[in-house]
Amino acid sequence: MPNNDAHPNHNIDRDRLVELYRTMRRIRAFEEAAEKASLSGQVGGAVHLSIGQEAVAAGVCANLRQSDQITTTHRGHGHCIAKGTDPGAMMLELFGKEGGTCGGKGGSMHIADFKVGMLGANGVVAAGIPIAVGAAHGAKLLGEDRVVVCFFGDGAINRGPFMEGLNWASVFKLPVLFVCELNGFASTTHSDAVTAGPGANARAESLGLEAFEVDGNDVAAVDALVGDLIPRIRGGSGPSFLSARTYRLKGHTSVDPAHYRDQEFAAAQWDNDPLARAAGELRRLGLPGEQLASIDSDAAAEMTLVSDAAEAAGHPAPEQAFTDIQDIGAPVWREQA
Amino acid sequence: MSVISYQEAALQAVAEEMRRDHRVWALGEDLGRGGVFGQYRGLREEFGPERIADTPISEATIMGASVGAALVGTRPVVEMRFADFALCAVDEMVNQAAKARFMFGGQARVPMVIRQPSGMWRSSAAQHSQSLEAWYAHIPGLVVVAPYTPADNKGLLKAAIRCDDPVIYIEHKDNWALEGEVPDDIDYLVPLGPARLARAGGDLTLVTWSKMVGVAERAAALAAAQGMEIEVIDLRTLWPWDQEMVFASVAKTKRLMVVHEAVQVGGFGAEIAATVAEHMADVLTAPICRMGAPRAPISYAKPLEDELRITPELIMANASRQIGG
Ligand SMILES: Cc1ncc(C[n+]2csc(CCOP(=O)(O)OP(=O)(O)O)c2C)c(N)n1
Ligand SMILES: [Mg+2]
């Protein structure tokens with residue numbers, strides 16, 4: 001188990017690590033605020049927290065341009081923030097308020113922000129895989145210089161669209177980076193218990209993709225590896241696959257106490273918290289403690305503001321339930337019917 | 001005007017729209033050699049393998065990748081080969097294509113046409129013969145189109161390709177060779193929504209679509225010989241369906257029959273029947289008649305398959321009961 005002062009063998013520029021740490025801290029603070037609002041009942045529906053997995057989101061997205069695109073899953077807050085989505089609009093969306101990323105129509109599992117290349121979270125496991133592949137196919141057809149990153153969990157690799165989507169990306173040599181977050185669980189089931197064979201990378205390699213593995217709790221390592229992969233993909237190498245080993249520190253949803261797992265083991269995983277590890281590394285690189293503390297307090301303050309604003313915001317107008325369904329044959333709002 | 005087949009009409013529609021808009025492309029299995037019914041014949045030669053794409057047998061990803069490609073600004077024409085195979089891509093149609101615009105608060109559109117050759121066709125049995133249009137009419141976000149004439153197959157397909165909504169486009173497999181007059185105008189469009197009056201008549205309104213339009217027309221000819229005038233409405237678009245034309249017709253004839261090849265239970269005919277009953281019960285002089293297939297899988301052996309077919313004679317028998325009674 002690496003401790004907070006572990007000395008990784010990669011060299012990272014301190015300023016870059018500060019920014020990666022800031023992204024992770026903002027994700028953490030956002031999700032802590034979301035967790036609170038979920039437990040208090042202000043945020044409805046299922047809220048899937050990525051607490052403990054922030055290094056994957058931060059390390060991958062730090063290497064993307066705004067014009068690059070991502071798809072994510074039910075556990076996607078971190079990817080959205082790392083890609084540049086405004087947490088204020090995200091929190092409004094979680095609260096189901098006006099001004100949310102999707103106008104309150106989607107909630108946590110359907111956040112999208114097309115202007116920053118965030119093509120949508122998804123409530124259906126593995127459904128983002130063909131969509132990401134298609135976005136890359138579209139980029140190729142339109143002659144646009146974009147890379148698409150597709151995030152999904154270790155549970156998704158047992159669904160058919162995983163095989164189909166990887167095969168497709170490989171056949172059409174599409175600019176996609178598949179990022180599998182091995183967080184140990186698919187809902188309340190241990191992923192390993194229901195996954196046969198040697199795992200995600202072997203499956204990817206069998207379909208002609210080059211597959212890589214990274215310590216997904218080491219943000220500098222993720223950043224360095226993805227920093228190598230993205231230019232190759234952009235240059236036309238075809239798709240690549242990255243398995244990031246991490247751990248879901250919380251339950252499947254905000255209300256899941258996760259009693260089904262070994263409590264001692266789970267508690268010990270906090271020693272491997274990616275934020276604590278990055279903070280340790282920053283201290284080793286000589287970052288003054290007060291600078292770290294101010295990143296933390298800035299993030300907490302930002303997300304407190306964001307939650308307060310979401311709480312105060314208005315609900316979407318009722319007729320919004322009937323807009324943006326379709327151009328032809330759209331329903332009519334009751335009051336006008 | 002030229003006399004061409006239903007299949008050639010569709011081919012023209014896709015070719016014209018691909019020439020007009022570089023964002024339009026078609027994908028599916030075996031399109032390079034023209035598609036399994038020849039409805040893409042020659043397109044690979046004109047547009048190349050990128051825009052007439054041969055895909056793996058991966059229906060979920062044909063559909064899901066099309067959603068992704070539509071979200072980023074292309075306009076895919078998705079070939080499902082047989083409507084029955086689209087069932088391998090239901091999540092991608094129903095949860096993704098139909099929902100993305102709404103769930104994302106209108107940030108993006110999903111302009112794609114999902115072609116689903118449907119219906120009974122030469123002993124194709126239970127997995128290659130179904131008519132499942134009612135399923136899609138049930139799903140908010142989807143437009144559902146089922147053309148009968150070659151002219152409509154051209155004009156509606158072109159309109160579907162230009163539409164920003166996901167369109168389920170149902171071509172009847174038994175119609176490919178059907179010939180008819182089709183306008184040559186490259187901007188010949190048939191709007192999505194309005195029905196077509198296939199035959200005028202004052203005694204009974206018969207609402208139908210797809211191949212059953214032809215069967216209904218033959219029934220109407222039989223009826224006319226016996227002095228009964230059946231008005232045949234070819235719905236063409238199932239969602240949205242043309243209530244206005246149906247209501248106006250029923251107001252005139254005071255009788256309604258709905259006929260479709262699909263299973264009668266939960267069929268789209270039930271929706272039309274119920275809507276007319278809700279709004280026009282006082283006008284009707286006979287109970288509404290619904291005709292669809294029995295709730296049985298479609299057989300292979302011809303005499304068994306024929307048990308499920310709606311014939312002009314069966315329609316005629318019901319019509320004379322309705323009009324006579
Ligand atoms: C097709 C489908 N089946 C089941 C579910 C219910 N479900 C939601 S999340 C989840 C677990 C997914 O595990 P994984 O892919 O590893 O992602 P993680 O939650 O670990 O991030 C399940 C089973 C779903 N949303 N979609
Ligand atoms: Mg998992």
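Residues numbered from 1 in each chain as written. Chains lettered and ligands numbered in written order. Predicted model: local features only at pLDDT ≥ 70, side-chain atom pairs only at ≥ 80, totals over all residues. Heavy atoms only, no water.

## Details of empty space enclosed by the protein
All names here are of chain B. For the structure on display, the rule yields four cavities of 30 Å³ or more. Empty space within the largest cavity amounts to approximately 80 Å³. Lining the largest cavity we find 13 residues, and of these Ser 131, Glu 133, His 172, Trp 209 and Ser 210 sit closest to its centre. When its residues are assigned to classes, the lining of the largest cavity shows four nonpolar, six polar and three charged. Looking at the lining of the largest cavity, you find at least three residues from each of domain 1 (2-182) and domain 2 (196-324). (1 Å grid on protein atoms, 1.4 Å probe; cavity = no way out; pocket = protein on both sides within 12 Å on 5 of 7 lines; lining within 4 Å. Points joined across faces, edges and corners; volume = space filled by probe spheres on them. Nonpolar A, V, L, I, M, F, W, Y, C, P; charged D, E, K, R; others polar. Domains from an automatic or database assignment.)

## Points about the interface of chain B and chain A
Contacts between chain B and chain A engage 45 residues on the former and 40 residues on the latter. Carbon and sulfur atoms supply 64% of the area buried between chain B and chain A, which totals about 3,400 Å² over both sides. Of all residues in chain B, Val 72, Phe 102 and Gln 107 of chain B bury the most surface against chain A, accounting for 19% of the area lost on that side. Here chain B and chain A share three salt bridges between them. Across the pair Arg 101 of chain B and Asp 324 of chain A runs a salt bridge whose closest N-O atoms are separated by 3.0 Å. Along the contact surface separating chain B from chain A lie 17 residue pairs in polar contact (both at pLDDT 80 or more). The leading source of residues in the side of chain B that touches chain A is helix 3 (residues 59-71) of chain B, at 10 residues. In terms of residue class, the side of chain B that touches chain A is built from 21 nonpolar, 14 polar and 10 charged. (Contact = heavy atoms within 4.5 Å. Buried area = accessible area lost by both parts, 1.4 Å probe. Salt bridge = Lys/Arg side-chain N within 4 Å of Asp/Glu carboxyl O. Polar contact = N/O pair within 3.5 Å; in protein donor to acceptor, adjacent residues only side chain to side chain. Helix = DSSP H or I, 4+ residues; strand = E, 2+ residues; numbered from the N terminus.)

## Focus: unusual backbone geometry
Residues and elements named next belong to chain B. A cis amide bond links Trp 239 with the next residue in sequence, Pro 240, at an omega value of -5 degrees. Mapped onto the elements of the fold, Pro 240 is located in the loop between strand 12 (237-239) and helix 9 (243-253). A positive phi angle, near 45 degrees, is found at Arg 122, a position not held by glycine. In this structure, Arg 122 sits in the loop between strand 5 (113-115) and helix 6 (133-137).

## Notes on the coordination of the magnesium ion (ligand 2)
Residues and elements named next belong to chain A. Protein-derived coordination of the magnesium ion (ligand 2) comes from Asp 154 (OD), Asn 183 (OD1) and Phe 185 (O), at a distance range of 2.0 to 2.2 Å. Counting gaps between the donor residues of the magnesium ion (ligand 2) yields the pattern D-x28-N-x1-F. Here Asp 154, found in the loop between strand 2 (148-153) and helix 6 (160-171), pairs with Phe 185, found in strand 4 (residues 185-186); they are 31 residues apart in sequence, far enough to count as distant. You'll find Asp 154 and Phe 185 in the same group, each marked buried. (Donors = N, O, S within 2.8 Å, 3.2 Å for Na, K, Ca; no water. Buried < 20%, exposed > 50% of the residue type's maximum accessible area, 1.4 Å probe, protein only.)

## What to know about the site of ligand 1
All names here are of chain A. Of all residues adjacent to ligand 1, which total 15 residues, the nearest are His 74, Arg 75, Asp 154, Gly 155 and Asn 183. One of the side-chain N or O atoms of Arg 75 is found 2.7 Å from an oxygen atom in ligand 1. With respect to ligand 1, the side chain of Asn 183 contributes an N or O atom lying 2.8 Å from an oxygen atom. Relative to its unbound accessible area of 580 Å², ligand 1 is 72% covered by the protein chains. Broken down by class, the residue content of the shell around ligand 1 amounts to five nonpolar, seven polar and three charged. (Near = heavy atom within 4 Å. Areas by Shrake-Rupley, 256 points an atom, 1.4 Å probe, with all protein chains shown as cover.)

## Quick word on the domain arrangement of chain B
All names here are of chain B. Split into domains, chain B comes out as domain 1 (2-182) and domain 2 (196-324). Computed from C-alpha coordinates alone, the two centres of domain 1 and domain 2 are separated by 26 Å. Between domain 1 and domain 2, the contact holds 26 residues from the first and 27 residues from the second. Interface area, domain 1 with domain 2, both sides summed: about 2,200 Å², of which 58% is carbon and sulfur. On the surface where domain 1 and domain 2 come into contact, there are three salt bridges. Where Arg 196 meets Asp 152, a salt bridge forms, and the shortest distance between an N and an O atom there is 3.6 Å. At the boundary of domain 1 and domain 2, one finds 11 residue pairs in polar contact (both at pLDDT 80 or more). Across the side of domain 1 that touches domain 2, the residue classes break down as 13 nonpolar, nine polar and four charged.

## Regarding the sheet that holds strand 4 (residues 75-79) of chain B
Residues and elements named next belong to chain B. Pairing is mixed across the open sheet formed by seven strands, whose spatial order is 3-2-4-5-7-6-12. Edge strands, defined here as strands with exactly one partner in the open sheet, are strand 3 (52-54) and strand 12. The sheet shows a mean angle of 20 degrees between the axes of neighbouring strands, direction not considered. Where strand 4 lies against strand 5, three bridges are found, and the strand directions are parallel. Residue pairing across strands places Val 77 opposite Val 113, the latter belonging to strand 5. The sheet strands contacting helix 7 (residues 150-162) are strand 2 (24-28), strand 4, strand 5, strand 6 (143-145), strand 7 (167-169) and strand 12, and the helix crosses strand 7 at an angle near 155 degrees. (Pairing = 2+ DSSP bridges. Axes fitted to C-alpha atoms, helices over the stretch in contact; angles between N-to-C directions.)

## What to know about the nonpolar core
By size, the foremost hydrophobic cluster in this structure holds 85 residues, and its most contacted members are Phe 152, Phe 178 and Phe 241 of chain A together with Leu 235 and Ile 272 of chain B. The leading source of residues in this core is helix 3 of chain B, at seven residues. Summarising the domain contributions, this core has at least three residues from each of domain 1 (2-182) and domain 2 (196-324) of chain B. With residues near it in sequence (within four places) discarded, Phe 152 of chain A still touches Thr 73, Ile 129, Ile 157, Phe 162, Phe 178, Val 179, Cys 180, Glu 181 and Phe 241 of chain A. Of all hydrophobic cores here, the second largest spans 51 residues; its members include Phe 30, Phe 95, Val 179 and Tyr 247 of chain A. (Core = buried A, V, L, I, M, F, W, Y, C linked by side-chain atoms within 4.5 Å.)

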